[in-house]
Amino acid sequence: MVRANGAVSLRELARVVQTSEVTVRRDVRALEAEGLLDRRHGGAVLPGGFTRESGFPQKSHLATAEKTAIADVAAGLVEEGEAVVVGAGTTTQELARRLARVPGLTVVTNSLLVAQALAHANRVEVVMTGGTLRGSNYALVGSGAEQSLQGLRVSRAFISGSGLTAERGLSTSNMLSASVDRALVQAATEVVVLADHSKLGTDTMFQTVPTDVMTRLVTDEPPPHDDRAATELQALADQGVQITVAGSVASGGEGMVGRRPRRESPLPVQRRGGPSAQLRSAPASLLEQAAAGDRPRVADMRRR
(Lines give C-alpha, C1' and ligand atoms only; values in the text may rest on other atoms or scores of the structure.)
Protein backbone atom coordinates (compact mmCIF):
# COMPACT_ATOMS: atom_id res chain seq x y z
CA MET A 1 0.00 0.00 0.00
CA VAL A 2 2.83 2.42 0.75
CA ARG A 3 4.54 1.63 -2.54
CA ALA A 4 1.29 2.20 -4.43
CA ASN A 5 0.23 5.43 -2.68
CA GLY A 6 3.45 6.94 -1.35
CA ALA A 7 1.94 7.10 2.15
CA VAL A 8 -0.79 5.45 4.18
CA SER A 9 -2.40 6.17 7.55
CA LEU A 10 -2.44 3.75 10.46
CA ARG A 11 -6.22 4.03 10.59
CA GLU A 12 -6.53 2.97 6.96
CA LEU A 13 -4.09 0.09 7.46
CA ALA A 14 -6.06 -1.13 10.47
CA ARG A 15 -9.28 -1.00 8.46
CA VAL A 16 -7.84 -2.90 5.49
CA VAL A 17 -6.25 -5.70 7.50
CA GLN A 18 -9.12 -5.72 10.04
CA THR A 19 -7.06 -5.34 13.17
CA SER A 20 -6.36 -2.68 15.79
CA GLU A 21 -4.19 0.40 15.28
CA VAL A 22 -2.01 -0.83 18.15
CA THR A 23 -1.20 -4.00 16.21
CA VAL A 24 -0.62 -2.08 12.99
CA ARG A 25 1.65 0.39 14.77
CA ARG A 26 3.78 -2.45 16.14
CA ASP A 27 4.13 -4.00 12.69
CA VAL A 28 4.95 -0.65 11.09
CA ARG A 29 7.66 -0.14 13.70
CA ALA A 30 9.12 -3.53 12.79
CA LEU A 31 9.06 -2.70 9.07
CA GLU A 32 10.76 0.61 9.78
CA ALA A 33 13.51 -1.25 11.66
CA GLU A 34 14.11 -3.29 8.51
CA GLY A 35 14.38 -0.13 6.41
CA LEU A 36 11.27 -0.91 4.35
CA LEU A 37 9.33 2.24 5.29
CA ASP A 38 9.42 5.32 7.53
CA ARG A 39 6.82 6.24 10.14
CA ARG A 40 5.41 9.73 9.53
CA HIS A 41 2.39 11.81 10.59
CA GLY A 42 0.25 9.02 12.04
CA GLY A 43 1.10 6.62 9.24
CA ALA A 44 3.93 5.39 7.06
CA VAL A 45 5.76 6.60 3.93
CA LEU A 46 8.39 5.19 1.62
CA PRO A 47 11.88 5.39 3.15
CA GLY A 48 13.83 8.49 2.25
CA GLY A 49 15.53 9.79 5.36
CA PHE A 50 15.88 13.52 5.93
CA THR A 51 15.22 14.61 2.37
CA ARG A 52 11.98 12.82 1.49
CA GLU A 53 8.75 14.78 1.66
CA SER A 54 5.24 13.47 1.05
CA GLY A 55 3.07 15.45 -1.36
CA PHE A 56 -0.18 17.16 -0.44
CA PRO A 57 -2.47 14.25 -1.52
CA GLN A 58 -0.65 11.91 0.87
CA LYS A 59 -0.44 14.39 3.75
CA SER A 60 -4.10 15.36 3.54
CA HIS A 61 -5.21 11.84 4.50
CA LEU A 62 -2.90 11.44 7.50
CA ALA A 63 -3.81 12.32 11.11
CA THR A 64 -6.94 14.16 9.98
CA ALA A 65 -8.71 14.04 13.36
CA GLU A 66 -5.62 15.33 15.13
CA LYS A 67 -5.18 18.19 12.67
CA THR A 68 -8.81 19.19 13.09
CA ALA A 69 -8.49 19.32 16.87
CA ILE A 70 -5.25 21.33 16.65
CA ALA A 71 -6.84 23.80 14.24
CA ASP A 72 -9.86 24.25 16.55
CA VAL A 73 -7.62 25.22 19.46
CA ALA A 74 -5.26 27.41 17.39
CA ALA A 75 -8.19 29.40 16.01
CA GLY A 76 -9.13 30.29 19.59
CA LEU A 77 -5.86 32.21 19.91
CA VAL A 78 -6.89 34.70 17.21
CA GLU A 79 -8.95 37.76 18.08
CA GLU A 80 -11.05 40.08 15.97
CA GLY A 81 -9.06 42.66 14.02
CA GLU A 82 -5.69 40.91 14.29
CA ALA A 83 -3.11 40.55 11.54
CA VAL A 84 -1.44 37.13 11.33
CA VAL A 85 0.68 35.09 8.96
CA VAL A 86 -0.23 31.50 8.14
CA GLY A 87 2.28 29.18 6.48
CA ALA A 88 1.67 26.31 4.08
CA GLY A 89 0.52 22.85 5.15
CA THR A 90 -2.49 20.65 5.68
CA THR A 91 -2.83 21.64 9.36
CA THR A 92 -2.66 25.36 8.56
CA GLN A 93 -5.27 24.80 5.85
CA GLU A 94 -7.60 23.45 8.54
CA LEU A 95 -6.81 26.51 10.66
CA ALA A 96 -7.66 28.84 7.75
CA ARG A 97 -11.12 27.31 7.43
CA ARG A 98 -11.82 28.32 11.02
CA LEU A 99 -10.25 31.78 10.70
CA ALA A 100 -12.87 32.57 8.05
CA ARG A 101 -15.26 33.22 10.94
CA VAL A 102 -13.05 35.87 12.62
CA PRO A 103 -14.19 39.38 11.55
CA GLY A 104 -11.70 42.11 10.73
CA LEU A 105 -8.85 39.64 10.32
CA THR A 106 -5.89 40.16 7.97
CA VAL A 107 -4.09 36.97 6.91
CA VAL A 108 -0.75 37.02 5.10
CA THR A 109 0.11 33.69 3.49
CA ASN A 110 2.21 31.99 0.82
CA SER A 111 -0.26 29.09 0.59
CA LEU A 112 -2.82 28.85 -2.20
CA LEU A 113 -4.84 26.43 -0.05
CA VAL A 114 -4.97 28.85 2.87
CA ALA A 115 -5.99 31.67 0.53
CA GLN A 116 -8.68 29.49 -1.05
CA ALA A 117 -10.13 28.63 2.37
CA LEU A 118 -10.46 32.35 3.13
CA ALA A 119 -11.44 33.58 -0.33
CA HIS A 120 -15.15 34.01 0.42
CA ALA A 121 -14.88 34.98 4.10
CA ASN A 122 -16.67 38.18 5.05
CA ARG A 123 -14.46 40.92 6.52
CA VAL A 124 -11.26 38.86 6.20
CA GLU A 125 -8.51 40.38 4.09
CA VAL A 126 -6.06 37.97 2.45
CA VAL A 127 -2.59 39.15 1.44
CA MET A 128 -0.53 36.73 -0.64
CA THR A 129 3.21 36.76 -1.11
CA GLY A 130 4.80 36.68 -4.52
CA GLY A 131 7.08 33.88 -5.59
CA THR A 132 7.21 30.69 -7.61
CA LEU A 133 4.51 28.05 -7.18
CA ARG A 134 5.68 24.79 -5.65
CA GLY A 135 3.10 22.31 -6.88
CA SER A 136 3.65 19.56 -4.30
CA ASN A 137 2.22 21.68 -1.49
CA TYR A 138 0.56 24.56 -3.41
CA ALA A 139 2.86 27.14 -1.83
CA LEU A 140 4.70 30.18 -3.20
CA VAL A 141 8.44 29.99 -2.56
CA GLY A 142 11.68 31.60 -3.69
CA SER A 143 13.16 35.08 -3.50
CA GLY A 144 9.92 36.74 -4.65
CA ALA A 145 8.05 35.32 -1.66
CA GLU A 146 10.79 36.27 0.78
CA GLN A 147 11.17 39.83 -0.54
CA SER A 148 7.44 40.47 -0.29
CA LEU A 149 7.64 39.77 3.45
CA GLN A 150 10.36 42.35 4.15
CA GLY A 151 9.19 45.13 6.45
CA LEU A 152 6.05 43.20 7.46
CA ARG A 153 4.97 43.03 11.12
CA VAL A 154 2.05 41.00 12.49
CA SER A 155 0.98 39.70 15.89
CA ARG A 156 1.34 35.94 15.28
CA ALA A 157 2.71 33.41 12.85
CA PHE A 158 1.13 29.97 12.55
CA ILE A 159 3.64 27.53 11.09
CA SER A 160 3.69 23.78 10.49
CA GLY A 161 6.44 21.48 9.26
CA SER A 162 7.66 17.93 8.78
CA GLY A 163 9.38 17.33 12.12
CA LEU A 164 9.83 18.83 15.58
CA THR A 165 12.50 18.20 18.20
CA ALA A 166 13.52 20.10 21.31
CA GLU A 167 17.10 20.19 20.05
CA ARG A 168 16.52 21.77 16.61
CA GLY A 169 12.94 23.00 16.73
CA LEU A 170 10.71 22.78 13.67
CA SER A 171 12.16 21.48 10.41
CA THR A 172 11.13 20.58 6.88
CA SER A 173 12.50 18.52 4.01
CA ASN A 174 12.57 21.27 1.37
CA MET A 175 15.08 24.10 1.31
CA LEU A 176 12.84 26.62 -0.50
CA SER A 177 9.91 26.01 1.84
CA ALA A 178 12.17 26.34 4.87
CA SER A 179 13.51 29.69 3.68
CA VAL A 180 10.03 31.18 3.23
CA ASP A 181 8.87 29.81 6.59
CA ARG A 182 11.81 31.56 8.25
CA ALA A 183 10.77 34.82 6.59
CA LEU A 184 7.19 34.35 7.81
CA VAL A 185 8.42 33.78 11.36
CA GLN A 186 10.60 36.90 11.32
CA ALA A 187 7.51 39.00 10.58
CA ALA A 188 5.68 37.92 13.75
CA THR A 189 5.82 38.94 17.39
CA GLU A 190 4.74 35.44 18.51
CA VAL A 191 5.34 32.11 16.78
CA VAL A 192 2.77 29.32 17.14
CA VAL A 193 3.82 25.91 15.83
CA LEU A 194 1.08 23.48 14.82
CA ALA A 195 2.27 19.86 14.90
CA ASP A 196 0.49 16.59 15.65
CA HIS A 197 2.20 14.12 17.98
CA SER A 198 3.61 11.99 15.15
CA LYS A 199 5.96 14.84 14.19
CA LEU A 200 7.44 15.01 17.69
CA GLY A 201 10.92 13.50 17.75
CA THR A 202 11.18 13.56 13.95
CA ASP A 203 14.11 15.53 12.52
CA THR A 204 14.28 16.61 8.89
CA MET A 205 16.89 18.38 6.83
CA PHE A 206 16.20 22.13 7.02
CA GLN A 207 15.52 23.99 10.25
CA THR A 208 12.71 26.56 10.07
CA VAL A 209 11.88 27.60 13.66
CA PRO A 210 14.55 27.14 16.38
CA THR A 211 13.19 26.12 19.76
CA ASP A 212 14.13 29.43 21.39
CA VAL A 213 11.99 31.29 18.81
CA MET A 214 8.86 29.19 19.40
CA THR A 215 6.27 30.86 21.64
CA ARG A 216 3.72 28.05 21.72
CA LEU A 217 3.20 24.54 20.41
CA VAL A 218 -0.33 23.35 19.73
CA THR A 219 -0.39 19.56 19.45
CA ASP A 220 -2.63 16.60 20.22
CA GLU A 221 -2.27 14.18 23.11
CA PRO A 222 0.27 11.44 22.35
CA PRO A 223 -0.99 7.87 22.75
CA PRO A 224 0.03 6.12 25.99
CA HIS A 225 2.77 4.02 24.38
CA ASP A 226 4.46 6.94 22.56
CA ASP A 227 7.36 7.65 24.91
CA ARG A 228 9.27 9.54 22.23
CA ALA A 229 6.56 12.18 21.82
CA ALA A 230 6.10 12.55 25.59
CA THR A 231 9.84 13.00 26.06
CA GLU A 232 9.99 15.70 23.38
CA LEU A 233 7.04 17.54 24.93
CA GLN A 234 8.81 17.56 28.30
CA ALA A 235 12.04 18.82 26.73
CA LEU A 236 10.20 21.59 24.85
CA ALA A 237 8.43 22.67 28.05
CA ASP A 238 11.77 22.73 29.87
CA GLN A 239 13.04 25.19 27.26
CA GLY A 240 10.14 27.55 27.85
CA VAL A 241 7.79 26.61 25.02
CA GLN A 242 4.12 26.84 26.06
CA ILE A 243 2.45 23.50 25.31
CA THR A 244 -1.23 23.51 24.42
CA VAL A 245 -2.70 20.01 24.13
CA ALA A 246 -5.80 19.61 21.99
CA GLY A 247 -8.12 16.61 22.15
CA SER A 248 -9.37 14.75 19.11
CA VAL A 249 -11.92 12.14 18.15
CA ALA A 250 -9.11 9.64 17.97
CA SER A 251 -7.71 10.42 21.38
CA GLY A 252 -10.68 10.95 23.61
CA GLY A 253 -13.75 12.52 22.06
CA GLU A 254 -15.15 15.95 21.45
CA GLY A 255 -14.99 16.94 25.11
CA MET A 256 -11.21 16.98 24.92
CA VAL A 257 -10.95 19.98 22.60
CA GLY A 258 -10.04 23.32 24.22
CA ARG A 259 -9.33 21.81 27.63
CA ARG A 260 -9.53 23.91 30.73
CA PRO A 261 -6.23 24.46 32.60
CA ARG A 262 -5.59 23.20 36.10
CA ARG A 263 -4.84 25.78 38.77
CA GLU A 264 -1.31 24.48 39.32
CA SER A 265 -0.25 25.14 35.71
CA PRO A 266 3.00 27.20 35.82
CA LEU A 267 2.55 28.34 32.22
CA PRO A 268 0.31 31.22 31.07
CA VAL A 269 -3.35 30.44 30.54
CA GLN A 270 -5.09 32.19 27.66
CA ARG A 271 -8.84 32.67 27.48
CA ARG A 272 -10.50 33.97 24.37
CA GLY A 273 -14.16 35.02 24.49
CA GLY A 274 -15.83 32.23 26.42
CA PRO A 275 -15.68 28.63 27.60
CA SER A 276 -15.37 27.17 24.11
CA ALA A 277 -12.14 29.09 23.58
CA GLN A 278 -10.46 28.40 26.93
CA LEU A 279 -7.03 26.90 26.40
CA ARG A 280 -4.50 25.23 28.61
CA SER A 281 -0.76 25.21 28.60
CA ALA A 282 0.31 21.80 29.84
CA PRO A 283 2.51 22.07 32.94
CA ALA A 284 5.81 20.27 33.11
CA SER A 285 4.57 18.06 35.96
CA LEU A 286 1.90 16.52 33.72
CA LEU A 287 4.39 16.00 30.94
CA GLU A 288 6.75 14.26 33.34
CA GLN A 289 3.95 11.87 34.24
CA ALA A 290 3.27 11.32 30.55
CA ALA A 291 6.89 10.45 29.90
CA ALA A 292 6.80 8.01 32.81
CA GLY A 293 3.72 6.27 31.44
CA ASP A 294 1.21 7.78 33.88
CA ARG A 295 -1.26 9.14 31.30
CA PRO A 296 -4.62 9.47 33.07
CA ARG A 297 -4.06 13.01 34.40
CA VAL A 298 -3.48 14.36 30.90
CA ALA A 299 -6.99 13.23 30.02
CA ASP A 300 -8.33 15.25 32.97
CA MET A 301 -7.78 18.53 31.12
CA ARG A 302 -11.25 19.33 29.82
CA ARG A 303 -13.30 22.23 28.59
CA ARG A 304 -15.62 23.70 31.24
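Anything mentioned here points back to the structure above.
Residues numbered from 1 in each chain as written. Predicted model: local features only at pLDDT ≥ 70, side-chain atom pairs only at ≥ 80, totals over all residues. Heavy atoms only, no water.

To continue, consider the overall build of the chain. Within the chain one finds eleven helices and 15 strands. Buried positions account for 54% of the 304 residues belonging to the chain. Within the chain, residue pairs in contact and separated by at least 24 positions form 65% of the contacts whose partners lie at least 6 positions apart. Carbon and sulfur atoms provide 49% of the accessible area of the chain, an area that totals close to 13000 Å². (Helix = DSSP H or I, 4+ residues; strand = E, 2+ residues; numbered from the N terminus. Buried < 20%, exposed > 50% of the residue type's maximum accessible area, 1.4 Å probe, protein only. Contact = heavy atoms within 4.5 Å. Areas by Shrake-Rupley, 256 points an atom, 1.4 Å probe, with all protein chains shown as cover.)

The subject of this paragraph is the environment of I243. For I243, the position within the fold is in strand β15 (residues 242-246). With a relative accessible area of 0%, I243 lands in the buried category. When the C-alpha atoms of I243 and L217 are compared, they prove to be 5.1 Å apart, with 26 residues separating the residues in sequence.

We now examine the sheet that holds strand β4 (residues 83-86). In a beta sheet, neighbouring strands pair by backbone hydrogen bonds and run either parallel or antiparallel. Taken in spatial order, the seven strands make up an open sheet running β6-β5-β4-β9-β12-β14-β15, and their pairing is parallel. The two strands at the open ends of the sheet, each matched to only one other strand, are β6 (124-128) and β15. The mean inter-strand angle of the sheet, taken between neighbouring strand axes irrespective of direction, is 20 degrees. Bridge analysis of strand β14 (residues 216-220) against β15 gives five bridges, and the strand direction is parallel. (Pairing = 2+ DSSP bridges. Axes fitted to C-alpha atoms, helices over the stretch in contact; angles between N-to-C directions.)

Below, the discussion takes up the sheet that holds strand β13 (residues 206-209). One open sheet accounts for three strands, arranged β10-β11-β13; its pairing is antiparallel. At either margin of the open sheet sits one strand with a lone partner, and together these are β10 (163-165) and β13. Mean inter-strand twist for the sheet, computed between neighbouring axes without regard to direction, equals 40 degrees. Relative to β13, strand β11 (residues 169-172) is paired through three bridges, and the arrangement is antiparallel. Bridge pairing links T172 to F206 in β13.

Viewed as axis vectors pointing N to C, helix α5 (residues 64-75) and helix α6 (residues 90-99) meet at an angle of 50 degrees, and their least axial separation amounts to 8 Å. Between α5 and α6, the interaxial angle falls into the category oblique. Of the two elements, α5 crosses α6, and the hand of that crossing is right-handed. Between α5 and α6, the residues in contact are K67, T68, I70, A71, D72, A74 and A75 and T90, T91, E94, L95, R98 and L99, respectively. For the contact of α5 with α6, a count of residues per class yields six nonpolar, three polar and four charged. (Parallel < 35°, antiparallel > 145°, perpendicular 65-115°, else oblique. Left-handed = near helix turned anticlockwise from the far one by under 90°. Nonpolar A, V, L, I, M, F, W, Y, C, P; charged D, E, K, R; others polar.)

Our next topic: the nonpolar core. Ranked by internal contacts, the top residues of the largest apolar core, which has 30 residues, are L164, V193, L217, L236 and I243. Elements represented by at least two residues in this core include exactly β9 (154-159), α9 (175-186), β12 (188-194), α10 (227-238) and β15. Counting residues in each nonpolar core, the second largest holds 25 residues, with I70, L77, L118 and F158 among its members. (Core = buried A, V, L, I, M, F, W, Y, C linked by side-chain atoms within 4.5 Å.)

Applying the stated rule across the entire model yields nine salt bridges. The salt bridge involving R11 is made with E21; its shortest N-O contact spans 3.9 Å. Here E21 lies in helix α3 (residues 21-33) and R11 lies in helix α2 (residues 10-17), a separation of ten residues in the sequence. For E21, a relative accessible area of 32% corresponds to the partly exposed category. Between D72 and R98 there is a salt bridge, with its nearest N and O atoms 2.5 Å apart. Within this pair, whereas D72 is found in helix α5, its partner R98 is found in helix α6, the two being separated by 26 residues in sequence. Using a relative accessible area of 14% as the deciding quantity, one classes R98 as buried. Within this structure, D72, E94, R97 and R98 form a network of salt bridges that share partners. (Salt bridge = Lys/Arg side-chain N within 4 Å of Asp/Glu carboxyl O.)

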